[in-house]
Amino acid sequence: MVASVQTSWVFSFPFCGPNEINHLFCETPPVLELACADTFMFEIYAFTGTILIVMVPFLLILLSYTRILFAILKMPSTTGRQKAFSTCASHLTSVTLFYGTASMTYLQPKSGYSPETKKLMSLAYTLLTPLLNPLIYSLRNSEMKRPLVKLWRRKVDLHTL
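Each value, and the rule that gives it
Residues numbered from 1 in each chain as written. Predicted model: local features only at pLDDT ≥ 70, side-chain atom pairs only at ≥ 80, totals over all residues. Heavy atoms only, no water. Helix = DSSP H or I, 4+ residues; strand = E, 2+ residues; numbered from the N terminus. Contact = heavy atoms within 4.5 Å. Axes fitted to C-alpha atoms, helices over the stretch in contact; angles between N-to-C directions. Parallel < 35°, antiparallel > 145°, perpendicular 65-115°, else oblique. Left-handed = near helix turned anticlockwise from the far one by under 90°. Nonpolar A, V, L, I, M, F, W, Y, C, P; charged D, E, K, R; others polar. Patch = residues over 30% accessible without salt bridge, like charges linked within 9 Å, V, L, I, M, F, W, Y side chains within 5 Å. Areas by Shrake-Rupley, 256 points an atom, 1.4 Å probe, with all protein chains shown as cover. Salt bridge = Lys/Arg side-chain N within 4 Å of Asp/Glu carboxyl O.

A short note on the side chain of S94
Inspection of the secondary structure assignment puts S94 in helix α4 (residues 78-106). Residues within four places of S94 in sequence aside, it is in contact with T129, N133, I136 and Y137.

Here's what the structure looks like:
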């Protein structure tokens, strides 16, 4: 719903000047830079929408993990705590990577970063996070850890010769 309102509102602005955005894909902030009208009210709406869509879920996830952390710390078994921390760490890494880069992209001031930095941050949350997720989650698996450690040691041994 928020995205539909944002999209229709953005394309109701008059555009002048170049008809190419300086970005990797058509995203609201770079399109908005081409508008020839006052976009202040839209920016307030977009900021509020981002808080609701990005930050509220992220804070709820962190709250959930706080409760999970206390439950894990009460576990009597050290092995059980290690397994639980391993599972939580993988998920929390993925969540932080995604929400961190998304919030840096959408909660920034209009002229906060250079166009190149904006492109890199957009790539991070749209491409890097999904690419790293399988790696992050597979590192919990000992069948994946052993060959990776073996490969790493072999590479280190080659460089020391």
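The rest of the description comes next.
A closer look at the packing of helix α1 (residues 2-10) against helix α3 (residues 40-73)
A pair of packed helices is captured by two measures, namely the crossing angle of their axes and the spacing between those axes. Relative orientation of the contacting elements α1 and α3 amounts to 160 degrees, with a least axis distance of 11 Å. Our classification of the angle between α1 and α3 gives roughly antiparallel. Taken as a pair, α1 and α3 cross one another with a handedness that is left-handed. Residues V2, V5, Q6, W9 and V10 of α1 touch α3, and the partners they reach there are M41, F42, Y45, A46, G49 and I53. Considered class by class, the residues forming the contact of α1 with α3 number nine nonpolar, two polar and no charged.

Brief notes about a nonpolar patch on the surface
A surface patch of nonpolar side chains, amounting to about 630 Å² of accessible area, comprises F47, I51, L52, I53, V56, L60 and L63. Topologically, L60 is positioned in helix α3.

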